[in-house]
Structures are given as structure tokens and as C-alpha cells.
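Observations on the three-dimensional arrangement
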Amino acid sequence: MNRPKAVVFDLGKVLLDFDYGRAARHLAAHSTASDLEIRAALDQSPLLHEYETGLLSTKDFFAEAVSRIGFKGDLPTFARFFADIFTPIDDMIALHGELRQAGVPTFIFSNTNELAIAHIRRAHGFFNNFTGYVLSYEETAMKPTPRIYEAVEKMTWLKGPELLYIDDRLENIEEGRRRGWQTVHHENSTATISAVRQAVSV
Ligand SMILES: [Mg+2]
């Protein structure tokens, strides 16, 4: 296999771990709903899916969440609780730093939302050091929809095996493979780091 010309990173569970339970606990202290009800309303819910597909603005998502969970606070307060759910995966962030040092272009490719990204930009400095970002709510498409993979190919000006793509979700990886991208199905940092170093020869 040829050396890839860019590395495309999924964000959640690859570079940042996340726990919506934490958001639900914090929101519950200011809501009529319990933390379990809040979790059901927000985590992996149709509401979150619409928001991450860019079909709902942050304002509309907030209004809908307030009415569903009975949150008693303003948007900045909600935003803080909702988005403060991430924990850095240090060895994977170090791998990204290594690739940048070696001059390899790197991209973020994520199903995500505006509140999460605003928080991550402030709280997790490494996130600002990528060559480019393909984000579901901006593209109005979620992985594994082919259209958002096309957005990666457009942004990078690369295709097929020129791209090396890391993601923890097999259905996302499968669409990458179908397009001829080199892929690493992320299961643990040790295996991913060795696969990426070998492919990129850093
Ligand atoms: Mg992920």
C-alpha cells in the first residue's frame, strides 16, 4: 500500500472520550427531569441526531431541550453542562502531534454539533492544530452517509488510498473502505498507533 498523503481522524472515542452521563447529572440539578430522563432525551436521541445533522440551530436545539427536560437556566449555562463531557485520550493526541511534526496533513471528520465544537476549541488546544475539519452539522450529513465522505475528498483534494482514516465505528470505516481509503478500525490506542506509524512511516 502506498504511503497516505493525509490522516483523517474521527473525534469521539478516538481523540476525546465522552460521557453524556456527566452532562445529564449536571443538567438534572437545574431541570425538572431526572438525570436518566435527560440522558434519554439527549444521548443518541432523535433530537441530538437532528442537531448534529444541522437540521436544528443551536438556539432551536436549546429551546427544544428546555421544553423536554424542564431546564431552568440560560443558553450559556446549558452549553457549559451539555458540552463539558470530554476527556482527552492522551496517547492518540500525542500521535496526532507526531504526524504534525512529520509534516503530515491531518483532518477531523466527526458527527458532532456546534456547542460541542465551541467547547472543544476552548478547552482542548490540540483540536486547533488540524489542517481542516469536516463536521456533520456544517455538512448537513452524518457518517456513514457517502455525501460527507465526498466532503472530505473535496477538502483534502485526495481520494482512495491517499487517505488514511481512523474511526472507532465499523459502519463508518466500511464506507471509507468502499471508497478505497486506507482505514484503521480503532479499538485501542496501542494497535492504532502502531498501524498509523507503519502506514505513514513516522
Ligand atoms: Mg467515534
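Residues numbered from 1 in each chain as written. Predicted model: local features only at pLDDT ≥ 70, side-chain atom pairs only at ≥ 80, totals over all residues.

**What to know about the overall build of the chain**
Stated formally: Numbering of helices and strands starts at the N terminus; helices are DSSP runs of H or I of at least 4 residues and strands are runs of E of at least 2. The atom set for the radius of gyration is the C-alpha atoms, and the globule formula is 2.2 Å times the number of residues raised to the power 0.38. Three exposure classes are used. Buried residues have 20 or more other C-beta atoms within 10 Å of their own C-beta, exposed residues have 12 or fewer, and partly exposed residues fall in between, all C-beta atoms being placed from the backbone.
Along its length, the chain carries 11 helices and 7 strands. For 202 residues, the compact-globule estimate of 2.2 N^0.38 gives 17 Å, and the C-alpha radius of gyration of the chain, at 18 Å, lies within 12% of that figure. Dimensions of the chain, computed from the C-alpha atoms along their principal axes, are close to 55 × 30 × 25 Å. The buried share of the chain, taken over its 202 residues, is 35%.

**Quick look at the nonpolar core**
Generally speaking, nonpolar side chains in soluble globular proteins are found buried as a group. Definition in use: In plain words, the nonpolar core is the set of buried Ala, Val, Leu, Ile, Met, Phe, Trp, Tyr and Cys residues that C-beta atoms within 7 Å link up. Domain extents, as shown, originate in an automatic or database domain assignment.
Val8, Phe9 and Phe107 are the most contacted members of the largest nonpolar core, which totals 49 residues. Here this core spans two domains, and each of domain 1 (6-17 + 88-200) and domain 2 (20-83) adds at least three residues to it.

**Quick word on helix α1 (residues 20-28)**
Short version of the rule: This arc corresponds to the set of directions leading from the helix axis out to the C-beta atoms. Each residue gets a C-beta atom placed from its backbone, and two residues are in contact if those atoms lie within 7 Å.
What α1 keeps buried is the set Ala23, Ala24 and Leu27. Across the axial projection of α1, the buried residues extend over an arc of 100°, all falling on one side. At its buried positions, α1 is contacted by α2 (35-42), α4 (58-69) and α5 (75-83).

**A few points about the domain arrangement of the chain**
As a reminder of what qualifies: Each residue gets one of three labels, nonpolar for Ala, Val, Leu, Ile, Met, Phe, Trp, Tyr, Cys and Pro, charged for Asp, Glu, Lys and Arg, and polar for the others, Gly among them.
When its domains are assigned, the chain resolves into domain 1 (6-17 + 88-200) and domain 2 (20-83). When each unit is reduced to the centre of its C-alpha atoms, the spacing between domain 1 and domain 2 is 26 Å. Domain 1 puts 13 residues into the contact, and the matching count from domain 2 is 8 residues. Elements that contribute at least two residues to the side of domain 1 that touches domain 2 include exactly α7 (114-123) and α8 (136-139). Residue composition of the side of domain 1 that touches domain 2, grouped by class: 5 nonpolar, 6 polar and 2 charged.

**Topic: the environment of Phe126**
The topology assignment puts Phe126 in the loop between α7 and β5 (132-135). The spatial distance from the C-alpha of Phe126 to the C-alpha of Asn113 is 18 Å, given a sequence separation of 13 residues. If near-sequence neighbours (up to four positions away) are discounted, Phe126 is found in contact with Ile93 and His96.

**Overview of the pairing of strand β7 (residues 182-185)**
In plain terms, the rule: Two strands qualify as a pair provided that DSSP identifies no fewer than 2 bridges between them. For a crossover, the right-handed case is the one in which the path from the first strand over the helix to the second runs clockwise, viewed with the strands pointing away from the viewer.
One ladder, built from 4 bridges, connects strand β6 (residues 163-167) with β7; its direction is parallel. Along β7, the bridge assignment pairs Tyr165 with Thr183. Handedness of the crossover is the feature at issue here: the chain leaves β6, passes through helix α10 (residues 170-178), returns alongside β7, and the resulting connection is right-handed.

**Considering the packing of α5 against α7**
Cut-off, in case you're wondering: For every element, the axis is a line fit to its C-alpha atoms; helices are fit only across the contacting stretch, and the angle between N-to-C directions ranges from 0 to 180 degrees. Comment on the angle field: the value is read as roughly parallel under 35 degrees, roughly antiparallel over 145, roughly perpendicular from 65 to 115, and oblique elsewhere.
It is the contact of α5 with α7, at a shortest axis distance of 9 Å, that shows an interaxial angle of 80°. Relative to α7, the element α5 lies roughly perpendicular. Contacts from Ala79, Phe82 and Ala83 of α5 reach α7 at Leu115, Ala116 and His119.

**What to know about the pairing of strand β1 (residues 6-9)**
Of the two faces of β1, the one lined by Ala6 and Val8 and the one lined by Val7 and Phe9 are each fully buried. Sheet topology note: the β1/strand β4 (residues 106-110) ladder contains 3 bridges and is parallel. Along β4, the bridge assignment pairs Phe9 with Ile108.

**Comments concerning the packing of helix α6 (residues 90-101) against helix α11 (residues 189-200)**
The geometry of α6 relative to α11 is characterised by a closest axis approach of 10 Å and an angle of 10° between their N-to-C directions. Regarding the angle of α6 to α11, the classification is roughly parallel. Residues Asp91, Met92, Leu95 and Leu99 of α6 lie in contact with α11, whose contacting residues are Ser189, Thr192, Ile193, Val196 and Val200. For the contact of α6 with α11, the per-class residue count stands at 6 nonpolar, 2 polar and 1 charged.

**Things to note about the sheet that holds β4**
With parallel pairing, the 5 strands of this open sheet are ordered in space as β5-β4-β1-β6-β7. Looking at the sheet topology across the chains shown, the edges are occupied by β5 and β7. For this sheet, the mean angle separating the axes of adjacent strands, direction not counted, is 20°. Strands in contact with α11 are β1, β6 and β7; relative to β6, the strand with the most contacts, it is inclined by about 175°.

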